[in-house]
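# Secondary and tertiary structure notes
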Amino acid sequence: MMILKRYSILLSILTSGLLVNGQNREWTLQACIDYGVEKSLSIQQRTLQNKNDKLDVRDATLSLLPSVSGISPGVNYSFGRGIDPETNTYTNTRYMSVGGFGVGSSLTIFAGFSNINRLRAAKLSRLMGWEETENQANQIAIQVMNAFFTLLYAEEEVRITQEQVENSRLRLKKIEREYELGKKPKSDLFEMQAQQASVEFRLITAQNNCLNAQANLKYIMNYNAEEELRIDARSVSEVLPELHELKTKEVFTQALQTLPEIKLAAYQIRSAQLGVYSARAGLYPSISISGSISFGNYSDQRSGDFFSQITDRNQIGKGFSIGMSIPFYSGLSRRSSLQRAKHNYQSSKIQYQQTERALYNEIQQALQDLKSCTQRYRIAVQRENFSSLSYNAARKRYEQGLITIIDLNTTSNSLLEAKYDVLRARLDYVMQKRMIDFYQGKPLQLKIEN
């Protein structure tokens, strides 16, 4: 019992440690994306539709086989005064009969290949469902990524502003002491107090933006709003902007081979083509064959048991038929359906061209934005360095009485804005680089199982 108790205590300690680690978990960008895609309600709906598409393929396959139907047996029981089926005279008797045994089958031999086109359409619809699932997952991944970087920027903005608030507070205390000693005029004190209020106002705004950004990320991820969500910025902060010699045509060629929206547009052309085939099938005659076999009836008024009466060869019926249906005239509705299908086919080709053009323009802008982010980052870093030197020099000059407190606050605000610009340019670069990698075939999220 003591050993079991010790093991129980040890297990409880380990479990509590796991819970604490789970609560303190820091979510990387990839973890947030994978979680958001997995928990997405739209993906769950799309997965159910994919299962229905799979059933449609099965039904379309089985439709190529003959259909078999049973002739339902019927039971008739009468008593009292009635007609004797043997003598055809009225009598008071009891009569029971069972009949209607049989099996029938039919098969469509030719109907303009409509059943085969139905199977092709079902298979194509299933493929389109997979690509649509992947496309939805990509869109969710992009939304999560945007929300992640928005939250990351907001958190870094809070950190930078907090540092500014602390520095401003220290300067304010120093000026208050110097004012009490008569070394600084009261106007400097008022200016510094206004500066302190200004940076505190910025901090409150940044903190509010951070809370809103975190709530938005939880919403997109379908994460529990009441649970803590801490993001890991280390993997992102290690990336430094650099120039890339990438050609739009090369990236576009790679994107054509991997992006699901391109595959969807191509499948739409094939689907419209099958629509033309199906509409054309309505102009052809259909040929079908059918056959049936019916067994005898059982009556308790005849001699013989149930099995012998049912299998009596004299009462077994057989049938076989071949039917043909030729469409002559239906108000030109079939012709109109064929023309509409052809128009849809041409429209799907145009839609594919529009999708290609939109993708090319999107990649071109992304590459230009990536280059711009690198250039802005380098300039922002230079500005931050010069602003830092300018602020340090201004602080010394202010202490020597060579400039006013307004000049010092101006350089302080300029340094703060420079830090914001460096942060914004670096995060924009990381996000744009991730999108370029996506166009080149690197998935944003784990592969969705269909």
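Residues numbered from 1 in each chain as written. Predicted model: local features only at pLDDT ≥ 70, side-chain atom pairs only at ≥ 80, totals over all residues. Heavy atoms only, no water.

Labelled according to an unreviewed UniProt entry, the protein chain appears under the name TolC family protein, originating from Butyricimonas virosa. Comment text from UniProt for the protein chain, heading Subcellular location (unreviewed entry), reads "Cell outer membrane". The protein chain has a UniProt comment under Sequence similarities (unreviewed entry) that states "Belongs to the outer membrane factor (OMF) (TC 1.B.17) family." (UniProt positions renumbered as here; feature names shortened; annotations may be inferred.)

## Notes on the overall build of the protein chain
Counting its secondary structure elements, the protein chain contains eleven helices and nine strands. Scored against the burial criterion, the 450 residues of the protein chain give a buried share of 33%. A separation of at least 24 residues holds for 82% of the contacts in the protein chain among residues at least 6 apart in sequence. For the protein chain, the exposed surface amounts to about 27700 Å²; the carbon and sulfur share of it is 54%. (Helix = DSSP H or I, 4+ residues; strand = E, 2+ residues; numbered from the N terminus. Buried < 20%, exposed > 50% of the residue type's maximum accessible area, 1.4 Å probe, protein only. Contact = heavy atoms within 4.5 Å. Areas by Shrake-Rupley, 256 points an atom, 1.4 Å probe, with all protein chains shown as cover.)

## A word on the environment of Y360
Among the secondary structure elements, Y360 is positioned in helix α10 (residues 333-399). By relative accessible area, which is 31% here, Y360 ends up partly exposed. When the C-alpha positions of Y360 and T253 are compared, they lie 9.3 Å apart, and in sequence the two are 107 residues distant. Ignoring anything within four residues of it in the chain, the contact list for Y360 reads T248 and F252.

## Brief notes about the packing of helix α2 (residues 29-38) against helix α4 (residues 114-180)
It is the contact of α2 with α4, at a shortest axis distance of 9 Å, that shows an interaxial angle of 135 degrees. One way to sum up the angle between α2 and α4 is to call them oblique. Judged by the sense of rotation from one axis to the other, the crossing of α2 with α4 is right-handed. Seen from α2, the contacting residues are L29, C32, I33, G36 and V37; seen from α4, they are A137, I140, A141, V144, M145, F148 and F149. Residue composition of the contact of α2 with α4, by class: eleven nonpolar, one polar and no charged. (Axes fitted to C-alpha atoms, helices over the stretch in contact; angles between N-to-C directions. Parallel < 35°, antiparallel > 145°, perpendicular 65-115°, else oblique. Left-handed = near helix turned anticlockwise from the far one by under 90°. Nonpolar A, V, L, I, M, F, W, Y, C, P; charged D, E, K, R; others polar.)

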